[in-house]
Amino acid sequence: MFPTRRCRPTLSSCLLICVTLWRSDPSSGASATFYRKPNVVLILTDDLDIALGGLNPLPKTKKLIGDAGISFRNAFVASPLCCPSRASILTGKYPHNHHVINNTLEGNCSSKAWQKSEEAHTFPALMRDSAGYQTFFAGKYLNQYGHSDAGGVEHVPPGWNYWVGLEKNSKYYNYTLSINGKAKTHGADYSKDYLTDVLANMSLDFLQVKSSFQPFFMMVSTPAPHSPWTAAPQYQGSFNTTKAPRDPNFNVHGKDKHWLIRQAKTPMSNASVQFLDDAFRKRWRTLLSVDDLVEKIVKRLEVRGELDNTYIFFTSDNGYHMGQFSLPLDKRQLYEFDIRVPLMVRGPNIKPNQTSQMLVANVDLGPTILDIAGYNVNKTQMDGMSFLPVMEGKMNSSSWRTDILVEYEGEGSNVSDPACPLLGPGVSECFPDCVCEDSYNNTYACVRTVAPSANLQYCEFDDNQVFVEVYNVTADPYQLTNIAASIGQDFLEKMNHRVMMLQSCSGQSCRTPGVYDPRYTFDPRHMFPGVDR
């Protein structure tokens, strides 16, 4: 942490904040003392669903952000996996444009190639270098951040005045932080090491020492509710009778779905159900500390007189499933529980107690925040679009987009799991009962459509079948019935064409509604040319 009154000369990070940041925006002249652009806070959780009641343990967050602003009911991620999704948030791009395909270095997660091609062009870098913002990051960045083959914790991504980056994946104790490029290890003492609380305290310290002459952008990325689901001591007895929701898609066979879903054992064993119920409780317990973090940040902004000039975003990098279609627990799938996330925003000119059905995606977060900062998004190569006009009531559904792209590249092992020899090679994330959550050909692209006349999902898989799944989400919110075999060929042709258009889009073309060519012949294999799976 850093001091609240004066800087310690040995801390380069403090010098950076106390000296470099203590200046007004040079483009604004003397008026910078009296007028400042809005501040922005982005709170990003890890694996927080909305479909399974993930916001229930967050009453203070819902009151202080959701009730004080707008909640989006149709907020989706571009890919339901941590690193590709986080790369989409930072770049405003779909995975086919930022090229982060999974959580490994080989999949471009925080790799040297990512650092050279994308990292300097993220929206925080533009906020600092082109919009005059002071910037602060604390928490989980990308899953392979800090890897020795990617520069170690000495690497500080461009765009951050103050950097507190977690080495690799989410933990709650016994982790290493990069404090402006210098490693700081933490142990297992709750009073000084519990990561969610450490992030809260460092965020409050930043608010205390930052410059009062520049707007700020602060991104706080919590470990919760990601595994290992370690709750703070005072919350370990909470939710003792809570169970995972027994929704209609819980513990049922996905008989008309992709083979990876069909291979799940139904019904699940009692031991599997008990395991996921216990994990569900543990996830919720970790969120109670996130609720405290949100309250502390909002209250500190209020005390400092900065709350009314600050936008606060609260969201997640992907959803989660726990027993849906008899899959034990994970993300990575194309269904609502994995791709839909909470998104709540409060801020200037956002009326309280609003809900919006407009379709937004995490590729829109960067463009929206840049729009708030007064930066022209059209000067970037971002695929997303600003939903600031939606929040301010200046945009109606007739002029807003109606579809987004969701894409995922599956992962598998080249050899069979000795414990599950019948599955053969090509699968991964397998549980002891040989139910697997991923495979090489769990590779898909989906068009998620939300319009006044339609609430649909169309997906194509890269496998030998070129399997197709289609859902009418209005009539079938739990996605129990794949209607691909019962709908007209003209619809399939249009949706296949739209998938191809979105998967080849870049920048402005990703924001344009599809124009369907009636001469186009339906062939899903065109989606994946030159691939034999």
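Scroll up to find the structure this text is about.
Computed from a prediction, not measured in an experiment: that's the story for all the values here.

A.B. asks: I'd like a rundown of the packing of helix α8 (residues 195-209) against helix α10 (residues 270-303), residues and numbers included.
C.D. replies: The axes of two packed helices give the description: the angle between them and the distance between them. With their axes 9 Å apart at the nearest point, α8 and α10 run at an angle of 10° to one another. Relative to α10, the element α8 lies roughly parallel. Counting all contacts with α8, which are made through T196, D197, L199, A200, N201, S203, L204, L207 and Q208, the residues of α10 involved are S289, V290, L293, K296, I297, R300 and L301. For the contact of α8 with α10, the per-class residue count stands at eight nonpolar, five polar and three charged.

A.B. asks: Before we move on, can you summarise the pattern of salt bridges with the specific residues and values?
C.D. replies: Using the criterion set out here, one finds 24 salt bridges in the structure. Its salt-bridge partner being R86, residue D317 comes within 2.9 Å of it at the nearest N-O pair. Of this pair, D317 sits in the loop between β8 (310-316) and β9 (321-322) while R86 sits in helix α3 (residues 82-91); the two residues are 231 residues apart in sequence, bridging distant segments of the chain. Residue D317 shares its accessibility class with R86, and that shared class is buried. In this structure, the salt-bridge partner of R448 is E336, at a minimum N-O distance of 2.8 Å. Residue R448 is found in strand β16 (residues 444-451), and its partner E336 is found in helix α11 (residues 336-339); the two are separated by 112 residues along the sequence. Owing to a relative accessible area of 7%, E336 belongs among the buried residues under this scheme. One salt-bridge network, in which partners are shared between bridges, spans R36, K210, R304 and E306.

A.B. asks: Give me the lowdown on the state of the cysteines, citing residues and values where you can.
C.D. replies: Here the structure, examined in full by the defined rule, presents five disulfides. The residue that forms a disulfide with C420 is C434, at a sulfur-sulfur distance of 2.0 Å. Of note, the bridge from C420 to C434 carries an S-S torsion of about -90° and is left-handed in sense. Highlighted residues: C420 in the loop between β13 (403-408) and β14 (427-430) and C434 in the loop between β14 and β15 (436-439), separated in sequence by 14 residues. Of the two residues examined, C420 and C434, each falls in the buried class. Paired by a disulfide, C505 and C510 hold their sulfur atoms 2.0 Å apart. Disulfide C505-C510: torsion about the S-S bond near 95°, hence right-handed. Accessibility classification places C505 together with C510 in one group, the buried group. In this structure C82 is a free cysteine whose sulfur lies 8.2 Å from that of C83, the closest cysteine sulfur available.

A.B. asks: An account of the sheet that holds strand β7 (residues 216-221) is requested, with residue identities and associated values reported.
C.D. replies: Two pairing modes exist for strands in a sheet, parallel and antiparallel, and in both the strands are linked by backbone hydrogen bonds. Read from one edge of the open sheet, ten strands run β6-β5-β4-β3-β7-β1-β8-β11-β2-β12, paired in mixed fashion. A single partner strand is all that each edge strand has here, and the edge strands are β6 (182-185) and β12 (354-361). Within this sheet the neighbouring strands show an average axis-to-axis angle of 15°, counted without direction. Inspection of the sheet shows strand β2 (residues 70-76) paired to strand β11 (residues 343-346) by two bridges, in the antiparallel sense. Bridge pairing in β11 links S71 to M344.

A.B. asks: Describe the sheet that holds β13, naming the residues involved and giving the relevant values.
C.D. replies: Spatially, four strands are ordered β13-β16-β17-β18 in an open sheet, and the strand pairing comes out antiparallel. Edge positions in the open sheet fall to β13 and β18 (468-472), since each of these has one partner strand only. Taking the axes of each pair of neighbouring strands and ignoring which way they run, one obtains an average angle of 15° across the sheet. Relative to strand β17 (residues 454-461), β16 runs antiparallel, the two being bridged by eight bridges. Bridging across to β17, R448 finds its partner in Q457. Its contacts with the sheet place helix α14 (residues 489-503) against β13, β16, β17 and β18, and it is angled at close to 70° to β17.

Definitions and limits used
Within each chain, residues carry numbers counting from 1 in the order of the written sequence. Thresholds applied to this predicted model are a pLDDT of at least 70 for local features of residues and 80 or more for the giving and counting of side-chain atom pairs; totals over whole chains, interfaces and linings are not thresholded and use all residues. Side-chain metrics in this entry use all non-hydrogen atoms of the structure; hydrogen atoms and water are not considered. To get an axis, a line is fitted to the C-alpha atoms, and for a helix only the part in contact is used. The angle between two axes follows their N-to-C directions and goes from 0 to 180 degrees. What counts as a helix is a DSSP run of H or I of at least four residues, what counts as a strand is a run of E of at least two, and both are numbered from the N terminus. Any angle between 65 and 115 degrees counts as roughly perpendicular, while under 35 counts as roughly parallel, over 145 as roughly antiparallel, and the rest as oblique. Two residues form a contact once any of their heavy atoms are found within 4.5 Å. Residues are sorted three ways: Asp, Glu, Lys and Arg are charged, Ala, Val, Leu, Ile, Met, Phe, Trp, Tyr, Cys and Pro are nonpolar, and all the rest, Gly among them, are polar. Salt bridges are counted wherever a side-chain nitrogen of Lys or Arg sits within 4 Å of a carboxyl oxygen of Asp or Glu. Burial status follows relative accessibility: with a 1.4 Å probe on protein chains alone, a residue under 20% of its type maximum counts as buried, one over 50% as exposed, and anything between as partly exposed. What counts as a disulfide here is a pair of cysteine sulfur atoms lying within 2.5 Å. Pairing between strands requires that DSSP locate at least two bridges from one strand to the other.

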